[in-house]
Amino acid sequence: MSKMTYSVPIGPVHPSLKEPMTFNFKIYGEHIEEVCLAPGDNHRGIEFMGMQRNPVQIIYLAERICGICSASHPFAFCKAVENAAGIEVPERGQYIRVIIAELERIHSHILWAGVAAHELGFDSVLYLSWKAREVVLDTLEILSGNRINYGIFMIGGVRRDISTEQVSAIRKTINYYREVYGKIEDIFLNDPTIALRTKKVGILTEEDALRLCAVGPTARASGIKKDVRQDQPYSAYADLKVKAITPDVFTGEVNGDVYDRIVVRLLELVQSLEIIEQCLDNLPSGEIVAEKKLVKLLNQLKRVKGRGVGRHEAPRGECIHSVKLEEAETPEVWKARAPTYNNLMTWVPMLLGQQIADIPIVIASIDPCIACMDRVTILNKDTGQKNVLTKKDLHELSVQKTRRITP
Amino acid sequence: MTATSLFVIIGKIMGAIIIAFLGVVIGLFYKGIDRKLAARMQARVGPPIRQPFLDFFKLMIKENIVPQNAVPWIFNGAPILSLVTSITILFYLPVGNIPPLLSGYGDIILIIYLLTLPAVGMIIGGFVSGSPYASVGAQREMVMMMSYELPLVTTVIALGWKLSQVYPQSNVFSLATMNAHPIWESVGPFGFIGAILLFFALAIVTPGELSKIPFDAPEAETELAGGLLVEYSGRNLALFELTDAVKMIVMTSLTVILFFPYNIAHLFALNGVFAFIIDSLFFFVKLVLVMFFEVTFIRVAAARLKIDQVSYAYWVPISLIGLLGLTFIVLDTIIV
């Protein structure tokens, strides 16, 4: 007997999605039989805009790719340009970068915890965790003057130093989180209703995670010890010996379900606190930026010819920026690859066979950032319709381009 | 027809209008209290207590959209069916010392039937909306109805049966009788435990009946974007809001009448009109307390359950608790 399925569209606008993205589900009863993802609703052409600007201007554009990753994208971009131009960042600048990046991780993970609770219908936890998040936002404001778009990264270092008062403000924040962490952990890991909704839900096996190139907490929750900070230490992380966190540290086993992804993110919160503390303890003195004069820096970058790649472990996973400088004011190529792009396809094995009720929490469980991920949309100029390119089409296009550019 | 009976009929009609009006106003007011209390528990300021009234008036002036796929007359009729049936239950509820308007014309069994009708109205409305979200919501509401009915009926039957043993002459299923004889006074130690279990079962059925977290799968904001109500807007949505408010009054009143029908007027040696006023006020205070523990407190302290979990929870643990309560009540009668 053939199953009578019906289709349920979720998105582009839906209460469970924080950003526009379309899902088409084939449902049988309450069970998901087929998942079809259709991204492309949030493309803003940021890379194209960047290629009309000079590298220093791009930093601010990169910051605005997404509101939550506003340290990750400039971090990766600055590293890419430094890589291309061979600029060495002073040690103090490297430490300040890491402090900001880890504070961002704390704010991102607490924000995610609140959103996940909201998707489960547990609004009290949303309000309580977002109240706790205010403290780290205030700290970031003390450090950078802004709660979200910090404007602190600069090619060759950072724009603002951390003073002694600011150091004590950060320490106060760390102590605050040490205090509230027990409460947050208790709510998320011991609450029976949350356990009912998250255990054995949205399972991503280690095999699938490897096959689909999952990154960040999504991959780590499936038992893959993958973390840029551990695998290819950069900046101050090289001095700190960061270890990738997998859920078996806490629960003793790896299931790869939503519960494990909560565990990983909560443990990373503690890890970030430790990293910041170590950075503050060992904060070296000296310059914070390699070249203070912007005009000189821009002139230097104008003479660079070459490619550079920058990688950073964003709260959601590995973020890669690649630039190609061709002795011009603007970069020839700027490409950003956000972690959600990798994690996107993990939704399919996670969602298949689950219930409709699991859709919001499973979608939220990879902490998707559609604004980061939507880097390309193909439109038909004449009809204004969106096209979907298959692997075969893409291959054909690249063959055409290779023929065009090779004489 | 004599003049007196005509007078009685007119009196009943006037009473019905007054009760319907009061039920709606008090229901909306309680909804405001519920929202305020929930907000305070979630470390928020929360909306003003008159917010449900503002929402209602705003919805009334909004456009009433009927989707293209819907069947208009059923789509518009469903909210009216829900509201009318839920208000009808109000006519059977005694308030403090005041006997119900329609006492003698129906009993708690009728109320249980009437309680399903607002949900049926919502299901019909959901199915004719022609939206996949609403259809899924309607399916879930049906499953919910089938799930919570058994513990609800068990509770009522157990109490009625016990009263029939103690007061064989009276009409035991009439709410007036239940209101006059609190269960706690007619049972021994076994029955006391049984009554506590039954109270617990009813307390868990209440949020399910009212579609509140953790049993709000049919509406599930983040999953189904409002589920059953997703296509409703304007006047129709306002009517569903009223239904929700009235249902809240009905369910909390039911708990109060079945388990806490005590009055306080005699403590102050009051009688006549003052006794009525004091007892009615005390009744409404009890409603707030019951609402706080059965609805507000539970909904801020839990995540939404999936429909299979809801159904399991009602069919297995809650039903067992209800049946256990019934057994204890029976044991109490046999042994004593």
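Note: the structure precedes this text.
Let me sum up the structure you'll find in this document.

Calculation notes
- Residues numbered from 1 in each chain as written.
- Chains lettered and ligands numbered in written order.
- Predicted model: local features only at pLDDT ≥ 70, side-chain atom pairs only at ≥ 80, totals over all residues.
- Heavy atoms only, no water.
- Helix = DSSP H or I, 4+ residues; strand = E, 2+ residues; numbered from the N terminus.
- Rg over C-alpha atoms; globule rule 2.2 N^0.38 Å.
- Buried < 20%, exposed > 50% of the residue type's maximum accessible area, 1.4 Å probe, protein only.
- Contact = heavy atoms within 4.5 Å.
- Areas by Shrake-Rupley, 256 points an atom, 1.4 Å probe, with all protein chains shown as cover.
- Lys, Arg positive; Asp, Glu negative; His and termini not counted.
- Charge placed at Lys NZ, Arg CZ, Asp CG, Glu CD.
- Buried area = accessible area lost by both parts, 1.4 Å probe.
- Salt bridge = Lys/Arg side-chain N within 4 Å of Asp/Glu carboxyl O.
- Polar contact = N/O pair within 3.5 Å; in protein donor to acceptor, adjacent residues only side chain to side chain.
- Nonpolar A, V, L, I, M, F, W, Y, C, P; charged D, E, K, R; others polar.
- Axes fitted to C-alpha atoms, helices over the stretch in contact; angles between N-to-C directions.
- Parallel < 35°, antiparallel > 145°, perpendicular 65-115°, else oblique.
- Pairing = 2+ DSSP bridges.
- Phe/Tyr/Trp six-rings, centres within 6.5 Å; stacked < 30°, edge-to-face > 60°.
- Lys NZ or Arg CZ within 6 Å of the ring centre and 35° of its normal.

**A few points about the overall build of chain B**
- In terms of regular secondary structure, chain B is built from eleven helices and zero strands.
- Secondary structure elements of chain B occur, N-terminal to C-terminal, as α-α-α-α-α-α-α-α-α-α-α.
- Scaling as 2.2 N^0.38, a compact globule of 336 residues should have a C-alpha radius of gyration of about 20 Å, and chain B matches this with 20 Å.
- For chain B, the C-alpha atoms occupy an extent of roughly 60 × 55 × 45 Å along the three principal directions.
- Each of the 336 residues in chain B was classed as buried or not, and the buried ones make up 55%.
- Considering only contacts in chain B between residues 6 or more positions apart, those separated by 24 or more positions represent 79%.
- For chain B, the exposed area adds up to about 14,500 Å²; of that, 74% sits on carbon and sulfur atoms.
- Taken together, the 18 basic and 19 acidic charged side chains of chain B have centroids lying 8 Å from each other.

**Some words on the interface of chain A and chain B**
- In this assembly, 30 residues from chain A lie in contact with 24 residues from chain B.
- A combined buried area of about 2,300 Å² lies between chain A and chain B, and 57% of that area is made up of carbon and sulfur atoms.
- Of all residues in chain A, Glu-30, Tyr-127 and Arg-197 of chain A give up the largest surface area on contact with chain B, accounting jointly for 19% of the area buried on that side.
- With a closest N to O distance of 2.7 Å, Glu-30 of chain A and Arg-140 of chain B form a salt bridge.
- Linking chain A with chain B are ten residue pairs in polar contact (both at pLDDT 80 or more), by the criterion used here.
- For the side of chain A that touches chain B, the secondary structure elements donating two or more residues are strand 1 (6–10), helix 4 (91–119), helix 5 (123–144) and helix 7 (192–198) of chain A.
- Its residues assigned to classes, the side of chain A that touches chain B comprises 15 nonpolar, eight polar and seven charged.

**So, the packing of helix 1 (residues 3–41) of chain B against helix 2 (residues 51–61) of chain B**
Residue and element names in this part refer to chain B.
- Interhelical geometry of helix 1 versus helix 2 gives an angle of 120° and a closest axis separation of 7 Å. What the angle tells us is that helix 1 and helix 2 run oblique. Together, Val-25, Leu-28, Phe-29, Lys-31, Gly-32 and Arg-35 of helix 1 and Gln-51, Pro-52, Phe-53, Asp-55 and Phe-56 of helix 2 make up the contact between the two elements.
- When grouped by side-chain class, the residues that make up the contact of helix 1 with helix 2 number six nonpolar, two polar and three charged.

**Thoughts on the sheet that holds strand 2 (residues 22–28) of chain A**
Residues and elements named next belong to chain A.
- The three strands lie next to each other as 1-2-3, forming an open sheet whose pairing is antiparallel. Looking at which strands have only one partner, the edges of the open sheet turn out to be strand 1 and strand 3 (31–38). Going across the sheet, the axis of each strand differs from the next one's by a mean of 25°, ignoring polarity.

**Quick word on the pattern of salt bridges**
Residues and elements named next belong to chain A.
- For the structure on display, the rule yields 30 salt bridges over all chains.
- A salt bridge links Glu-313 to Arg-220, with the shortest nitrogen-to-oxygen separation between them at 3.0 Å. Of this pair, Glu-313 sits in strand 6 (residues 305–314) while Arg-220 is found in helix 9 (residues 216–221), placing the two residues 93 residues apart along the sequence. The pair Glu-313 / Arg-220 is uniform in exposure class, with both members buried.
- Between Arg-311 and Glu-318 there is a salt bridge, with the nearest N and O atoms lying 2.4 Å from each other.
- Assessed through its relative accessible area of 27%, Arg-311 is described here as partly exposed.

**A closer look at unusual backbone geometry**
- The amide bond that connects Ile-213 of chain B to the next residue, Pro-214 of chain B, takes the cis arrangement and shows omega of 5°.
- Phi is positive for Glu-327 of chain A, which is not a glycine, with a value near 50°.
- Following the sequence through the fold, Glu-327 of chain A ends up in the loop between strand 7 (317–326) and strand 8 (333–337).
- We classify Glu-327 of chain A as exposed; its relative accessible area is 52%.
- Its identity as a non-glycine residue notwithstanding, Ser-211 of chain B has a phi of 55°, on the positive side.
- Summarising the element assignment, Ser-211 of chain B is placed in the loop between helix 7 (189–209) and helix 8 (221–224).

**Notes on the packing of aromatic side chains**
Residue and element names in this part refer to chain A.
- Evaluated as defined, the whole model comprises 18 aromatic pairs over all chains.
- With a centroid separation of 5.1 Å and an interplanar angle of 65°, the aromatic rings of Phe-23 and Trp-347 are classed as edge-to-face. You can see Phe-23 sitting in strand 2 and its partner Trp-347 sitting in helix 16 (residues 347–351), a full 324 residues away along the chain.
- Three or more aromatic residues joined by ring pairs make a cluster, and in this case those are Phe-75, Phe-153, Tyr-234 and Tyr-237.
- Lys-79 extends its terminal NZ or CZ atom over the ring of Tyr-234, reaching a point 3.9 Å from the ring centre.
- Positioned above the aromatic ring of Tyr-259 is the side chain of Lys-199, whose terminal nitrogen or guanidinium carbon lies 4.6 Å from the ring centre.

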